[in-house]
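Letter by letter, the chains look like this.
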Amino acid sequence: MAGSNLKIDVRRSKILDMLRRDGKVYVSALSRELGATPVTIRNDLAALEEDGYLVRMSGGAILSAITADITVDDTALRLRDNYSEKKAIAKAVSAMIFDGATLFINSGSTTQCIAAELKSRQNLNIVTNSISVANTLADFPTFRVILLGGEINPKYGFTYGGDAQEQLSRYKADFAILSVDSVSRDGITTYHSEEAIIDRMMIASAGHTIIAADYTKLGHVGFTRVSECTAGIHLVTDSKASDDDVSTVRDLGVEVSIV
């Protein structure tokens, strides 16, 4: 067993090494291996989560996209931006999902956070074009995860194109959970034109649409329009969102939750 007086930075480095190796860690095992109390380990996990390196779950933590060698793409790097806001949004979105639901989830750093939070649910069916989301959820025993086939955008880690669209057209979902680049009076937009049609199809085939967007995404216009801001869309954003931006989309009929 490692000495109980391991320096904090050394101990946390060892935790990250174990995460990279195993994909998940448990407080009890870390406590034994590192010679630290469970309270100390939980504090370590909380600090590492705050920095965006992992996502805590009951009894331990799982690998975040940032820490995984195979997913160090732009989405993984952007996960650090406004991480605390994305984490709060993710918790709120997860609380809206009922056990047994069927979900469409697109790509993005915020939906990556949401995927980790969804592990508090049971018996979910997930259809996604995000490689990171699929990796996060695939080994959860009560989940069925379908990764859409098609062409791959290697920089942002998502699939798109005719094959992905044809496969997506076979499914219906209770919720479409979407990460987007901007929400404004001009609508919901994204910089990725090749993914926009996937987003539109998810909205059209879902009973409810949840847009997960932190305060930096409000009031701007992206390259490609996904949808108008209308009734039937639920925006979940954080408390840093400006009153003007929130009022603008509410006036268009969008339901807004601020966390």
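Summarised in this report is the structure supplied together with it. This structure is a prediction, so every number in the text was calculated from the model and none was measured. (Residues numbered from 1 in each chain as written. Predicted model: local features only at pLDDT ≥ 70, side-chain atom pairs only at ≥ 80, totals over all residues. Heavy atoms only, no water.)

**Digging into the pattern of salt bridges**
Between side chains of opposite charge, pairing is possible as soon as their charged atoms come close.
Right, so step 1: In this structure the tally under the stated criterion is 14 salt bridges.
Right, so step 2: The partner of Asp139 in a salt bridge is Lys24, and the shortest N-O contact between them spans 3.5 Å. You can see Asp139 sitting in the loop between α7 (131-137) and β6 (144-147) and its partner Lys24 sitting in strand β1 (residues 24-26), a full 115 residues away along the chain.
Right, so step 3: Judged by its relative accessible area of 46%, Asp139 falls in the partly exposed class.
Right, so step 4: A salt bridge links Glu117 to Lys91; the nearest nitrogen and oxygen atoms lie 3.8 Å apart. In this pair, Glu117 is assigned in helix α6 (residues 109-117) and Lys91 in helix α5 (residues 83-96), connecting sequence segments 26 residues apart.
Right, so step 5: Accessibility expressed as a relative area gives 11% for Glu117, which makes it buried.
Right, so step 6: On the accessibility criterion, Lys91 (46% relative accessible area) is partly exposed.
Right, so step 7: A single network of salt bridges, built from pairs that share partners, joins Glu49, Arg56, Lys87, Lys91 and Glu117. (Salt bridge = Lys/Arg side-chain N within 4 Å of Asp/Glu carboxyl O. Helix = DSSP H or I, 4+ residues; strand = E, 2+ residues; numbered from the N terminus. Buried < 20%, exposed > 50% of the residue type's maximum accessible area, 1.4 Å probe, protein only.)

**Concerning the nonpolar core**
One recurring pattern in soluble globular proteins: nonpolar side chains tend to sit buried together.
Right, so step 1: Counting residues in each nonpolar core, the largest one holds 29 residues, and the members touching the most others are Phe104, Val183, Ile188, Ile211 and Leu235.
Right, so step 2: Elements with a contribution of two residues or more to this core: α8 (162-168), β9 (173-179), α9 (193-204), β12 (206-212), β14 (233-237) and α10 (243-251).
Right, so step 3: Considering each element in turn, this core owes the most residues, four residues, to α9.
Right, so step 4: Here Val183 is in contact with Ile188, Ile211, Ala213, Lys217, Leu218, Gly219, His220, Cys229, Leu235 and Val249, once residues within four sequence places are set aside.
Right, so step 5: By size, the runner-up hydrophobic cluster in this structure holds 27 residues, among which are Ala101, Leu103, Leu118 and Leu124. (Core = buried A, V, L, I, M, F, W, Y, C linked by side-chain atoms within 4.5 Å. Contact = heavy atoms within 4.5 Å.)

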